[in-house]
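Breakdown of the fold
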Amino acid sequence: MKLTKKLFLGLSIGIGSLAMAQSTNPVLTGAPFLRISPDARAGGLGDQGVATSADAFSQFWNASKYPFSRNTSSAAVSYTPWMGKLTNDVFLMYLGFNTMLGEEDRSSLSASIYYFNMGEVDLRSLETPELSSGTIKPNEFSIDLAYALKLSDTYSMAVTGRFIRSDLSGGFNTDSSLKPANSFAVDVSGYLQTYKHTSFGDYEGRVRAGWAIQNLGPRLDYTGDENSRSYLPTSFRLGAGYDLFLDEVNKVGVTLEASKLLVPGPDSAGNVPNVGVIEGIGKSFSNKESIMYSGSVEYSYDNAFAVRTGFFRESELQGGRQYATVGVGLNYNSFGLDLSYLVNTSKVNSALDNTLRFGLTWNIGEESYNNEDY
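Residues numbered from 1 in each chain as written. Predicted model: local features only at pLDDT ≥ 70, side-chain atom pairs only at ≥ 80, totals over all residues. Heavy atoms only, no water.

**Describing the side chain of Gln 48**
Going by this rule: Where helices and strands are cited, they refer to DSSP runs of H or I of at least four residues and of E of at least two residues respectively, numbered from the N terminus. Burial status follows relative accessibility: with a 1.4 Å probe on protein chains alone, a residue under 20% of its type maximum counts as buried, one over 50% as exposed, and anything between as partly exposed. Residues adjacent in sequence count toward polar contacts only when both atoms are side-chain atoms; beyond that, a polar contact is any pair of N or O atoms within 3.5 Å, and within protein one must be able to donate a hydrogen and the other to accept it. The contact criterion used is simple: two residues touch if any of their non-hydrogen atoms lie within 4.5 Å.
Secondary-structure assignment places Gln 48 in the loop between helix H2 (40-44) and helix H3 (58-61). For Gln 48, a relative accessible area of 0% translates into the label buried. Looking at Gln 48, its side chain comes within polar contact range of the side chain of Ser 296, at 2.5 Å. If we ignore the near neighbours within four places in the chain, the residues touching Gln 48 are Ala 42, Trp 61, Thr 255, Leu 256, Glu 257, Ser 294, Gly 295 and Ser 296.

The following block contains the structure:
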């Protein structure tokens with residue numbers, strides 16, 4: 001049973017990184033669900049969101065976007081099937097809420113819950129595979145709380161605190177050393193959004209830019225062995241975009257983003273350095289192939305209808321994920337529905353290939369000051 005559980009541990013840690021594991025020396029982390037985009041709008045924009053315009057799902061990407069929201073309060077929920085070609089009981093669910101603080105909407109408070117259900121797993125030993133040793137229900141989740149503040153009329157920053165729990169044993173109690181792992185992490189982010197200004201011809205334009213350091217915190221301990229703790233998916237995101245206002249109701253936005261895992265990769269022998277978090281960040285820069293790129297275009301009409309497309313590219317040495325995305329968004333009164341679809345463009349399988357993602361938003365509050373200024 002111990003061997004079987006060790007195999008299961010490796011499978012579970014890699015399940016969220018299935019598309020990344022088919023490469024030479026990929027960078028693997030604990031709690032890989034934290035690298036999976038939870039919202040359908042970002043899913044239609046090439047899985048990017050650090051520099052896109054503010055929405056109800058900004059908590060996952062860059063909480064400093066919230067002070068630029070068009071509404072004073074909003075709620076969000078999303079559902080993402082995972083590995084839909086292989087199973088129907090593995091999914092990710094996200095719930096979020098944000099609200100403005102102060103009379104001039106210069107700060108915000110936001111919270112979210114992100115849950116990864118891995119379905120039911122039937123355990124069997126290698127000695128007697130025909131006999132079941134029990135069923136487990138592994139899962140992972142995180143709880144976030146963030147505060148954002150405008151430092152000027154066009155720039156804001158945010159700090160996010162995150163509690164993470166990764167239960168790969170699924171409540172199965174034996175003499176195995178496998179146990180739930182708990183940790184905490186911090187995000188620090190910034191966002192720039194200029195006022196509308198004269199752009200090409202007689203059109204108006206607006207510049208957007210954002211950055212974020214995410215999931216900075218202690219490693220996850222699944223076994224009690226200090227030498228086998230798993231790094232959190234610490235990452236750095238940087239992006240920039242531009243909105244072109246064709247008239248009062250038609251807008252086109254273009255965004256480019258780059259991200260990098262701040263986690264040391266395995267050496268030529270396949271061994272991951274057992275060092276502290278900060279030292280590990282330093283070692284991660286020796287891996288020049290761990291930078292990922294994405295780009296997107298979004299057309300919106302009167303903030304009521306949107307069409308999106310994007311692409312994502314990762315080095316073949318680090319996972320080889322390459323895919324295109326498309327999506328649509330609909331808004332009616334205070335409610336919004338977003339749908340996205342991923343089309344794999346590489347030879348490496350993607351767990352989200354041909355998957356339709358759903359996102360719902362509810363603008364609870366009133367229109368903010370940003371509707372007039374931005």
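**Re the pattern of salt bridges**
Worth spelling out the cut-off: Within this document, salt bridges are pairs made up of a side-chain nitrogen of Lys or Arg and a carboxyl oxygen of Asp or Glu, the two lying within 4 Å of each other.
All told, the structure shown has 12 salt bridges when counted by the stated rule. Among the salt bridges present, the one from Asp 144 reaches Arg 162, with a minimum N-O distance of 2.8 Å. With Asp 144 in strand E6 (residues 139-150) and Arg 162 in strand E7 (residues 155-167), this residue pair connects regions lying 18 residues apart in the sequence. In terms of burial, Asp 144 and Arg 162 fall into one category: buried.

**Observations regarding the nonpolar core**
Just so we agree on the cut-off: Take the buried Ala, Val, Leu, Ile, Met, Phe, Trp, Tyr and Cys residues and link them wherever side-chain atoms come within 4.5 Å; each set so joined is a nonpolar core.
Membership of the largest hydrophobic core comes to 32 residues, with the highest contact counts inside it found for Phe 33, Trp 82, Leu 92, Tyr 114 and Phe 116. For this core, the elements supplying multiple residues, two or more each, are H3, strand E2 (91-101), strand E3 (107-117) and strand E8 (181-193).

**A word on the confidence of the model for the chain**
Let me state the cut-off plainly: Per residue, pLDDT captures the predictor's confidence, and it can take any value from 0 to 100.
The predicted model of the chain averages 84 in pLDDT, with 85% of residues at 70 or higher. Here residues 1-23 scores under 50 on pLDDT; set against residues more than four positions off or in separate chains, the count is 59 contacts.

**What about helix H4 (residues 277-284)?**
In plain terms, the rule: Note: the arc covers the axis-to-C-beta directions of the helix.
Those residues of H4 lying buried are Gly 280, Ile 281 and Ser 284. Buried positions in H4, seen along its axis, are confined to an arc of 105° and lie on one side of it. Buried-residue contacts for H4 involve strand E10 (204-216) and strand E12 (250-261).

**What about the pairing of E8?**
Quick reminder of the rule: For two strands to pair, DSSP has to find at least two bridges joining them.
Note that E7 and E8 share 12 bridges and pair antiparallel. Across the sheet, residue Tyr 155 finds its bridge partner in E8, namely Leu 192. Sheet topology note: the E8/E10 ladder contains seven bridges and is antiparallel. Residue pairing across strands places Val 188 opposite Ile 213, the latter belonging to E10.

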